[in-house]
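Commentary on secondary and tertiary structure
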Amino acid sequence: MAEGVVAIVTEGIKPLGEFIIQQAKFLSGVGYQIELAQIELHLIRGFLKDADTRQQDEELVRICVKLIRDAAYDLEDVIESFALKVAIRSRGGTVKMVLKRFACIFNEGVHRYKIGFEIEDIMSKLSHLRSSLQSYNIRQTSGSESVASAFKRQRDRRLTYGHEVESHIVGLEENTDKLVKELVREGKRHRIVSIWGMGGSGKTTLAKQVFHQDEVKRHFHCFAWVCVSQQCEGRDVLEEILIELTSPTTEKRKEISKMKKDEIAREVCCIQREKRCLVVLDDIWTLEAWNSIKAGFPINEETESRILLTSRKKEVASLASGADHRHQPRPLDEKQSWELFEKIALSGRDETEYANKRELGQKMLEHCSGLPLAIRVLAGLLSRRDKVEEWQAVLRNVDKYIMRGTTVLEREISGQEYGVSCVLALSYDDLPSQLKLCFLYLAQFPEDHEIPVKRLTQLWIAEGFITSTIDLHGSLEIMEDVAYDCLTELVERSMVQVVNYGSSGKVKTCRLHDLMRDLCLQKAKEEDFLDVVDFSTGRRLTGNKVRRLVLYLDNKSECEFSGKDGRNGHIRSLLYFNPTYFGQKRSKRIIRSVFNDFRLLRVLKFENMGTEYELPKTIGNLVHLRFLSLRRSAFRALPSSVYKLILLQTLDLRGSRYEIKITNVFLNMEQLRHLYLPVKHTVSGRKLSFAKLCNLQTLVNVRIENCNLNDLVRLPNLKKLVVIASRSSQLEKLKEMLVSESITYEHLRSLSLTEDQNSTEEDIHIPIDIVLRCPHLYKLRLGGKMSELPEQLRGYPDLTKITLYSTELKGDQIEILEKLPKLRVLYLDYMSFESETMVFSQGGFPHLEFLTLCYLYDLKEWRVEKEAMPLLHRLSITLCPKLRAIPDGLQDVTTLKELTINGMPRRFCSRVDEGGEDFYKIKHVPSLIITNIEPEMEEAAGASQVVAGPAGDSHQESTADAPPPPADEKTEEIQASSTSNLPCQ
């Protein structure tokens, strides 16, 4: 991991270092020293690839690696501290202007001498440490050689054997039956079936269950079980398969040992053609490993032989098996977990012992999160402890026992750990340095926290973990795409779990399994990667000097924290996780500390500060900031000093309860990529200028009257745009400019055009020509009056999500929507349609999965014809007071999993509830949710006129825009969130 840190430091100081080198004539040798230091960092990276894998077993190497990491950070501190002094003195400007002032200050003798001395001292230290690594027989490697030795040490303890029968099997019956049927299914085509999942999820156990089934034994003639593991030698694996399939004599074994790889592969292949063979490839890690042995299998030939493989990586499981037959073991449920635990830990106990320990066992079992390995480790440990006091002692530190599996004494005797940590750490050790950094960063998020992927990738980029790369065709990859690829790789390595997918099919939110998070925290502590301070418990992850600090605040606790002490003065990343609208009176003191004490911050997440406060002018001194989020915080104005933050990449100001005053501070923020403005904001002085924001991808809640339209239409890289208009003329002017100058938003994927809820103009019209200048949209949100939808929408190949409100469309406009080829999510919100009748015609909405009907006051009849919405998963009907009944056609929508009815009249709800006259239409739906039943209209005397339209941030989107996750993952309720009064998304 130190290799990744050095890479980040090298890239981080490059902009300053290169300019200083150019200004060498003014700096009397300082530029040359920086150049040498950069060279030293590059040289040392090659040694760190080897050293990183050996530090776990060699204390001297571990210490040396830590010193190198600290020295690299020290070099970064020296350069950035001087840059800070310059920026504070300067009045801002471009990066070049700041650097010129930087050079002028260095020209002062005392500063030039000081930085030169400090750089020289650090460079000498790095050079000495590199020599030390060489003396420990650490070599410059590309990475693969160094990893090999670490994996070799793990191999013996992870070897599996087909003849071993697992004891205490629970919860595998369904998966076992499916796999057996797949393997013995008639057919001549060679078939590969794969099992994939995180370490300890029961892949090998499941494979053994299948391997030993009587039906499997009767069906196949020959069997082979090979544990491939991380360091795969193709010839050795093929030789082992040949031996197991043929059971050769001693003489034949000698002959096989002399055969070449291609000869062995040919023999293995021939046997599988002639006989029905089952080969199990357990624990295969890479596609390279598969490619090294696949010549030994008659792929795509007419044969009844089969392969069953297990892997932690989805990519391997998918490509090796052709993605046709892939299985993932589910976590054990509460009942299954207890059954497995009971068999191991409480077997043979008398009634008194059983009763005394049952409650303790159930408490400890909660920490296993259904992971079979964790349950086995914990239960095996407790099976050797007879006294209740011993069980209570384990409960006090249950997480550590699960991760390590043994006591300190037992580890000293055996020299090994047998807990979950040992198994999960194999996945961590297999990561390249960049992915290790990305994974460790997840340690900052609280337990069970759903992590928004877009926000996570923004943080990774701000931290310097992600850099643009040039592909084979010479084009530059977008950093956000590279970051997303890193996230998906962690998912496919079974290290990160997907919670929700977005409407475009990409991962929207993710999380860590509890035990994977424990590993993440453990590694983050070992590497001094970050510190977590939990004010509710008083716990701190590490007391060491770190670069990243995470604070879990609590309204009931003392939450003051200072950056003035030496341990925290070098913090680069500061993230607050606190209750929604954290309201402590002391928050003002927190604010002063944040903006005055942590001068070298690159990342600041300072959200949910509910007590009103003023942002201090000193915010402009945080000139190294790349990421700043003040979301849902109660400030009233953005200080003009923010214009100094010219390195900002992400700025999030959404969700304040107040109207925010903003000045034209974005003029020189050339690095800005994502700008989220508050819904309610005013601009003092000149209009906001975006002319230089050539990297801007996200612009949310921009008000047309507050910005320069010439800038808005010429942002070349916009992917998401949310526009708010208070008058129709403003949108007309935007349309005219786009049309007259033939401007097209080629890269725009998400567009929202909405009316200002506080506008004095009664009806704001949405010009559809603006939409037609965005040909590659995935998401479209329109909030204003429209005469009709354009026929051209049918030609939008990527449009997957549409939200409409206040559009007042006629019923026949449904015909446009239902013919969109890829529409998956549709929100028909407040007064989007004025018709009394709405018809979804036969075959309409062929790919629709999520539908919300909300505040359609005129709707009396909804008809769904045959074969309409054949893929619908979730339906929500909210506050449509005149709707008489659900359509008959829903009984044919067999894919519907959830129906939510909210705020509907009592008569309507009675019809669909069990026993009601319409229940037969939806009796096949597994989940029926009825909430907030309204009295009948004559009883309510007009009570149904609840709201006049959506409130809150106009960019807000429901979380129900995702395809349903697998059955073992959390599902969400559909909410008409665009009509909520939440202050912010």
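Calculation notes
- Residues numbered from 1 in each chain as written.
- Predicted model: local features only at pLDDT ≥ 70, side-chain atom pairs only at ≥ 80, totals over all residues.
- Heavy atoms only, no water.
- Helix = DSSP H or I, 4+ residues; strand = E, 2+ residues; numbered from the N terminus.
- Buried < 20%, exposed > 50% of the residue type's maximum accessible area, 1.4 Å probe, protein only.
- Contact = heavy atoms within 4.5 Å.
- Areas by Shrake-Rupley, 256 points an atom, 1.4 Å probe, with all protein chains shown as cover.
- Pairing = 2+ DSSP bridges.
- Axes fitted to C-alpha atoms, helices over the stretch in contact; angles between N-to-C directions.
- Parallel < 35°, antiparallel > 145°, perpendicular 65-115°, else oblique.
- Nonpolar A, V, L, I, M, F, W, Y, C, P; charged D, E, K, R; others polar.
- Phe/Tyr/Trp six-rings, centres within 6.5 Å; stacked < 30°, edge-to-face > 60°.
- Polar contact = N/O pair within 3.5 Å; in protein donor to acceptor, adjacent residues only side chain to side chain.
- Disulfide = S-S within 2.5 Å.
- Core = buried A, V, L, I, M, F, W, Y, C linked by side-chain atoms within 4.5 Å.
- Patch = residues over 30% accessible without salt bridge, like charges linked within 9 Å, V, L, I, M, F, W, Y side chains within 5 Å.
- Salt bridge = Lys/Arg side-chain N within 4 Å of Asp/Glu carboxyl O.
- Lys, Arg positive; Asp, Glu negative; His and termini not counted.
- Charge placed at Lys NZ, Arg CZ, Asp CG, Glu CD.
- pLDDT = per-residue confidence, 0-100.

**A short note on the overall build of the protein**
Summing up its helical and strand segments, the protein has 34 helices and 30 strands in all. With 985 residues in all, the protein has 58% of them scored as buried. Taking the contacts inside the protein whose residues are at least 6 apart along the sequence as the reference set, 68% of them involve residues at least 24 apart. As displayed, the protein has an accessible area near 41500 Å², and 47% of this comes from carbon and sulfur atoms.

**What to know about the sheet that holds strand S7 (residues 497-501)**
Strand order in the open sheet formed by three strands is S6-S8-S7, with antiparallel pairing between adjacent strands. The two strands at the open ends of the sheet, each matched to only one other strand, are strand S6 (451-452) and S7. Judged from the four bridges that link them, S7 and strand S8 (residues 507-511) form a sheet pairing that is antiparallel. Bridge pairing links Gln 497 to Arg 511 in S8.

**Section: the packing of helix H23 (residues 433-441) against helix H25 (residues 479-492)**
Running from N to C, H23 and H25 cross one another at 80°; their axes reach a closest spacing of 10 Å. What the angle tells us is that H23 and H25 run roughly perpendicular. Only Cys 486, Glu 489 and Leu 490 of H25 make contact with H23, whose side of the interface consists of Gln 434, Leu 435, Cys 438 and Phe 439. Here the residues of the contact of H23 with H25 are counted per class, giving five nonpolar, one polar and one charged.

**Structural notes on the packing of aromatic side chains**
Between two aromatic rings, the relevant description is the distance of the centres plus the angle of the planes. For the coordinates displayed, the defined rule picks out 20 aromatic pairs. Ring centres of Tyr 428 and Phe 439 lie 6.0 Å apart, and the angle between their planes is 50°; on these two criteria the pair is classed as tilted. On the criterion of sequence distance, the pair formed by Tyr 428 in helix H22 (residues 420-429) and Phe 439 in helix H23 is long-range, its members being 11 residues apart. A single burial state applies to Tyr 428 and to Phe 439, both of which are buried. Residues Tyr 830 and Tyr 857 carry aromatic rings whose centres are separated by 6.1 Å and whose planes lie at 80° to one another, so their mutual orientation is edge-to-face. Residue Tyr 830 is found in the loop between strand S24 (825-828) and strand S25 (837-840), and its partner Tyr 857 is found in the loop between strand S26 (850-854) and strand S27 (861-864); the two are separated by 27 residues along the sequence.

**Let's talk about helix H9 (residues 203-211)**
A large share of H9 lies buried, amounting to eight of its nine residues. Within the span of H9, buried status applies to Lys 203, Thr 204, Thr 205, Leu 206, Ala 207, Lys 208, Val 210 and Phe 211.

**Quick notes on the side chain of Asn 578**
Mapping Asn 578 onto the fold places it in the loop between strand S12 (573-577) and helix H27 (587-597). There is a polar contact of 2.9 Å between the side chain of Asn 578 and the backbone oxygen of Glu 607. Sequence-distant contacts of Asn 578, that is, excluding residues within four places in its chain, are made with Leu 553, Glu 607, Asn 608 and Met 609.

**Quick notes on the state of the cysteines**
Following the criterion strictly, the structure yields zero disulfides and no others. Here Cys 270 is not cross-linked by a disulfide; its sulfur's nearest cysteine counterpart is in Cys 269, at 6.4 Å. Among the residues examined, Cys 270 registers a relative accessible area of 29% and is labelled partly exposed. The thiol of Cys 880 is unpaired, and the distance to the nearest cysteine sulfur, on Cys 854, comes to 6.7 Å. The exposure class of Cys 880 is buried, given its relative accessible area of 0%.

**Things to note about the nonpolar core**
Counting residues in each nonpolar core, the largest one holds 119 residues, and the members touching the most others are Phe 606, Phe 666, Leu 817 and Trp 862. The contacts of Phe 666, once residues within four sequence positions are left out, are Leu 651, Leu 672, Leu 675, Leu 677, Leu 688, Ser 689, Phe 690 and Leu 693. One finds Leu 346, Val 491, Cys 520 and Phe 627 within the second-largest nonpolar core, a separate group that totals 81 residues.

**Quick look at a negative patch on the surface**
Where like charges cluster on the molecular surface, the negative patch consists of Glu 233, Asp 236, Glu 240 and Glu 244. In this fold, Glu 240 is placed in helix H11 (residues 234-246). With a relative accessible area of 33%, Glu 240 lands in the partly exposed category.

**Concerning the pairing of strand S28 (residues 874-878)**
The buried count for S28 comes to five of five residues, which makes it a mostly enclosed element. Both faces of S28 are covered, namely the face carrying Arg 874, Ser 876 and Thr 878 and the face carrying Leu 875 and Ile 877. Across five bridges, the pairing between S26 and S28 is parallel. Within S28, the residue paired with Cys 854 across the bridge is Thr 878. Bridging between S28 and strand S29 (residues 898-902) involves five bridges; their strand directions are parallel. Counted as the bridge partner of Ile 877 is Ile 901 from S29.

**Thoughts on the packing of H22 against helix H26 (residues 514-526)**
Axis separation between H22 and H26 bottoms out at 10 Å; the angle between their running directions is 75°. Classed by the angle they form, the pair H22 and H26 counts as roughly perpendicular. Contacts between H22 and H26 involve Val 420, Ser 421, Leu 424, Ala 425 and Tyr 428 on the former and, on the latter, Leu 515, Met 516, Leu 519, Gln 522 and Lys 523. Residues of the contact of H22 with H26, tallied by class, amount to seven nonpolar, two polar and one charged.

**Some words on a nonpolar patch on the surface**
Together, Leu 60, Ile 63 and Leu 67 make up an exposed nonpolar region whose accessible area comes to about 270 Å². Along the polypeptide, Leu 67 turns up in helix H4 (residues 59-89). Classification of Leu 67 as partly exposed rests on a relative accessible area of 42%.

**Quick look at the environment of Gln 362**
Checked against the element boundaries, Gln 362 lands in helix H17 (residues 351-365). We classify Gln 362 as partly exposed; its relative accessible area is 34%.

**With respect to the environment of Ile 816**
With respect to the element layout, Ile 816 can be found in helix H31 (residues 814-817). Taking relative accessible area as the criterion, Ile 816 reaches 4% and is therefore assigned buried. Taking the C-alpha atoms as reference points, Ile 816 and Glu 791, 25 residues apart in sequence, are found 6.5 Å from one another. With sequence-adjacent residues up to four places away left out, Ile 816 is seen in contact with Leu 789, Pro 790, Glu 791, Leu 793 and Arg 794.

**Digging into the confidence of the model for the protein**
On average, residues of the protein score 79 in pLDDT, and 77% of them reach the 70 mark or higher. In this model residues 90-96 is a low-confidence stretch, pLDDT under 50, and it forms 15 contacts with partners more than four residues away in sequence or in other chains. Confidence over residues 101-110 falls short of pLDDT 50; this stretch has 25 contacts with residues more than four positions distant or in other chains.

**Comments concerning the environment of Ser 750**
Locating Ser 750 in the fold gives a position in strand S21 (residues 750-755). Through-space distance from the C-alpha of Ser 750 to that of Tyr 778 is 5.9 Å; in sequence the pair is 28 residues apart.

**With respect to the side chain of Asp 518**
Mapping Asp 518 onto the fold places it in helix H26. Buried charge without a partner: Asp 518 forms no salt bridge, and the closest opposite charge is Arg 517, 5.0 Å away. Ignoring sequence-local partners within four residues, the contact set of Asp 518 consists of Asp 399 and Met 403.

**Some points on unusual backbone geometry**
Of note in the backbone geometry, Ser 742 takes a positive phi value of approximately 50° without being a glycine. When you line up the elements, Ser 742 lands in the loop between helix H29 (728-740) and S21. The backbone of Leu 879 sits at a positive phi, close to 50°, despite the residue not being glycine. In this fold, Leu 879 is placed in the loop between S28 and S29.

**Observations concerning the pairing of strand S20 (residues 720-725)**
Buried residues dominate S20, accounting for six of its six residues. Residues Lys 720, Val 722 and Ile 724 of S20 are buried on one face, and the alternating residues Leu 721, Val 723 and Ala 725, pointing to the opposite face, are buried as well. Pairing analysis gives four bridges linking strand S19 (residues 698-703) to S20, with the strands arranged parallel. For Thr 698, the partnering residue across the bridge sits in S20 and is Lys 720.

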